[in-house]
Every structure is written in C-alpha cells, then in structure tokens.
Amino acid sequence: MTTYLDFFELTTEPFSNAPVSRFYYNSTQHSQALTRLMHAVGYMKGLSILVGDIGAGKTTLARRMLDSLPESEYEAALLVIIHSGITANWLLRRIALQLGVENPAQEKLALLSQLYQRLLQIYESGKKAVVLIDEAQMLETRELMEEFRGLLNLEVPERKLISFVFFGLPDIEKNLKLDPPLAQRVAFRYKLEPFTAESTEAYVKHRLRLAGSPRLPFSPEALLAIHKASGGTPRVINTLCDNALFEAFLARQETISEELIRRVADNLGLVGSAPPPAPGAPAKPAPEPSSRPASAKIDLAEIDRYLEGLGKL
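Numbers given for residues are sequential positions, taken from 1 along each chain in its written order. Local features in this predicted model are restricted to residues whose pLDDT is 70 or higher, and side-chain atom pairs enter the listing and the counts only when it is 80 or higher, whereas totals over whole chains, interfaces and linings include all residues. Here the side-chain values reflect all heavy atoms present in the structure, with hydrogen atoms and water set aside.

**Here's the deal with the nonpolar core**
Turning to step 1, where the next piece is worked out: Remark: nonpolar core denotes a set of buried residues (Ala, Val, Leu, Ile, Met, Phe, Trp, Tyr, Cys) joined through side-chain atoms within 4.5 Å. Working definition: with a 1.4 Å probe on protein chains only, accessible area under 20% of the residue-type maximum means buried, over 50% means exposed, and in between means partly exposed. One finds I95, I133, L139, F148, F164 and F166 to be the most contacted residues of the largest nonpolar core, which totals 40 residues.
Turning to step 2, where the next piece is worked out: In this description a helix means any DSSP run of H or I spanning at least four residues, a strand means any run of E spanning at least two, and both kinds are numbered starting from the N terminus. Counting residues per element, the ones that place at least two in this core are β1 (47-52), α4 (88-98), α5 (108-124), β3 (128-134), α6 (142-152), β4 (162-168) and α7 (171-176).
Turning to step 3, where the next piece is worked out: Of all the elements, α4 adds the most residues to this core, at 6 residues.
Turning to step 4, where the next piece is worked out: Working rule for contacts: check all heavy atoms of both residues, and any pair within 4.5 Å makes them a contact. Apart from residues lying up to four places away in sequence, F164 is in contact with G46, L47, S48, I95, V131, I133, F148, L151 and L152.

**As for helix α2 (residues 28-42)**
Turning to step 1, where the next piece is worked out: By this rule, a helix spans an expected 1.5 Å times one less than how many residues it contains. The end-to-end C-alpha distance of α2, which contains 15 residues, comes to 21 Å, matching closely the 21 Å that a straight helix rising 1.5 Å per residue would cover.
Turning to step 2, where the next piece is worked out: Among the residues making up α2, those that are buried are Q29, H30, A33, L34, L37, A40, V41 and G42.
Turning to step 3, where the next piece is worked out: Phi turns positive, to about 50°, at M44, one or two residues after α2.

**So, the packing of aromatic side chains**
Turning to step 1, where the next piece is worked out: Note on aromatic pairs: the rings of Phe, Tyr and Trp (six-membered ring only in Trp) are paired at centre separations within 6.5 Å, and the planes decide the class, stacked below 30 degrees, edge-to-face beyond 60, tilted for the rest. A complete count under the given rule lists 10 aromatic pairs for this structure.
Turning to step 2, where the next piece is worked out: Judged by centre distance (4.9 Å) and plane angle (90°), the ring pair of F148 and F164 falls under edge-to-face. Here the residue F148 occupies a position in helix α6, and F164 occupies one in strand β4, the gap between them amounting to 16 residues. Across the pair, exposure class does not vary: F148 and F164 are buried alike.
Turning to step 3, where the next piece is worked out: Ring centres 5.3 Å apart and planes at 50° place the aromatic pair F195 and Y203 in the tilted group.

**With respect to the pairing of β1**
When a strand is regular, its side chains alternate between the sheet's two faces.
Turning to step 1, where the next piece is worked out: Most of β1 is tucked away, with 6 of its 6 residues classed as buried.
Turning to step 2, where the next piece is worked out: Where burial is concerned, the two faces of β1 agree: the one with L47, I49 and V51 and the one with S48, L50 and G52 are both buried.
Turning to step 3, where the next piece is worked out: Paired strands, as defined in this entry, are two strands with at least two bridges between them according to DSSP. In this sheet, strand β5 (residues 186-192) lies alongside β1 in parallel orientation, the contact comprising 6 bridges. Looking at the pairing, V51 lines up with K191 of β5.

**Re the pairing of strand β2 (residues 74-80)**
Turning to step 1, where the next piece is worked out: Counting buried positions over the 7 residues of β2 gives 7, a clear majority of the element.
Turning to step 2, where the next piece is worked out: Burial along β2 is two-sided: the face carrying Y74, A76, L78 and V80 and the face carrying E75, A77 and L79 are both buried.
Turning to step 3, where the next piece is worked out: Of the strand pairs in this sheet, β2 and β3 are connected by 7 bridges, and their pairing is parallel. Counted as the bridge partner of E75 is A129 from β3.

**Observations concerning the pattern of salt bridges**
Turning to step 1, where the next piece is worked out: We define a salt bridge as a side-chain nitrogen of Lys or Arg found within 4 Å of a carboxyl oxygen belonging to Asp or Glu. What the rule picks out here adds up to 9 salt bridges.
Turning to step 2, where the next piece is worked out: Among the ionic pairs, R118 bridges to E75, the shortest N-O distance being 3.8 Å. Placement of the pair is R118 in helix α5 and E75 in strand β2, with a sequence separation of 43 residues. Each member of the pair, R118 as well as E75, is classed as buried.
Turning to step 3, where the next piece is worked out: Between E155 and K160 there is a salt bridge whose closest N-O contact spans 3.0 Å.

See below:
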C-alpha cells in the first residue's frame, strides 16, 4: 500500500511531534540558549531558566542539553513535572532517585541527609550534579520553591553542589515570586521566541532533508503561508506540514501550494489562516476556564510509575 512517505520519497516522517533528537534544529536562538545554559551549569551557577510559549521547542532543547552533558563530567538527569499537585517530599525523593540515591527515606530530614551525602560523592568524584526540570510552570506552590532554595544552599567552599535548569511556560516567573529569595538567585534567563519567516523555511527544509526528501515539495508561497498560519511555532509547523503532505498525497499533488496550506490550516483551526471577521460581527464568547477542585487528590505513586516507564530521559 502506497503511503505519503512513498509518494514524496521520504524514509521517515519528517514532521512528527515526537521529540526525536536527530531532527533537532539548531536555530540561532536555540544555539545561543544552549551555549548559555551549558555555561551556567559548567560553572555551577545554581538556577537557570528557559521559557517559551506552548510548542516553542522547550522540551526538545531540554533533551538536547541532557544529551550534550558528558557523562564523564556530569551526573545529570531530566525530571518532567506532569502534575501541579505534587508535594515537596515527592519532589525531593524524585530528585534523589534521579541522582542515584538508593531507597530514599520517607522522612524529610533523613532524605535531605541522603541527598547531601550523594551530592558530596558526586563532587568528590570530580563530577557536577545537574537536574533539568521540564514543565516547570507546574511548580505552583511556595513550598516547592522553598525546597529548591534549600537545595541550592548545599555548597562546598568552592561552589554549589547542585544546579537546576527550569524549562517551561512564562508562568515560571510568577511561581518564582512566591519565594523572592529564590527569584533573586536566578543566574540566567532566556526566552525562546517564535521563528521568523526565514527560520521557518530553514526549519522545514532541515526536517525534510533529514527525512531523505530528494526535493522541496512546498512552493515558496506555501512556505510563507506555513509561517503565517503557525506563527512560527515549531510544534504547529510540524502539524501543519504533516497534514499538508498527507492531503497532497491524497490529491496526488507533487507540489504543495499556498491554497492547500490555507485549507489545511483552516481545517486545523489555526488563527493565522482565518479571514478577519466582518465589520459589526459579534465576537465569539470566550470558553469558560476549566478548574481543578481544590480538594482533588492525585496518586503520586501513579506518577512515579509513569516516570519510571519513561526511563531516564
């Protein structure tokens, strides 16, 4: 059975939103961010922050950074926060596990002692302990912020014993204000901005080339339409291009036109593709925000099992 990969002579999906490291696109700003973050952890600056809007490529960059930290020099881990209801004790135990503490204690003082001893072991081995925190905007309580401040207080005369890098939405800044002393300790901040039209085109060509494409199936006008409809957001670019390739395959169109991009974007409900409302037309009501009941409880053991299933990312 012929697929769109066969039709466009591709060896793999070029626009999957799965975080595949080989498709990493080292844009100018991604390169600058990674260089600065590597500097921050190399000199054990303490806390660094990288923010960006939804789909900007934060998780991809976090994984790239993890892959870039030599195992001979770093004891590094990536922790993904998948629920805003985690407790401080759960957080400390996960960090301890990620850094190699066996059988972390349930009691906080004992757990902190175990973690401190493990950090000293890492330091004495000549390595640096670094924990990357993805989806850090979910760290929504002052209690959690205070725990990070406490961990950053663990030092030897020469330097800190642990460094953290937060990756997440701009809401991180609001969370940091819950603990002003921690906010003052941020050594480095960087924000990922949307791609420009030129970067969008380069990104699309990069992904197609790595997927084995012998030619560029998008017309110049289509590439501009992709940028406009996606707003330069990598995740949306991927979704838009993947759908466009499939629709072109169904229509047996070897070249993807601007009109096809606009149609696909409209089907996806992308704002940049829709015509402006007619003068005097009533505005659509905003959807009611959803809320989680304050009494809702989460199963932290279930979160542990999920993270263990992911392995050491």
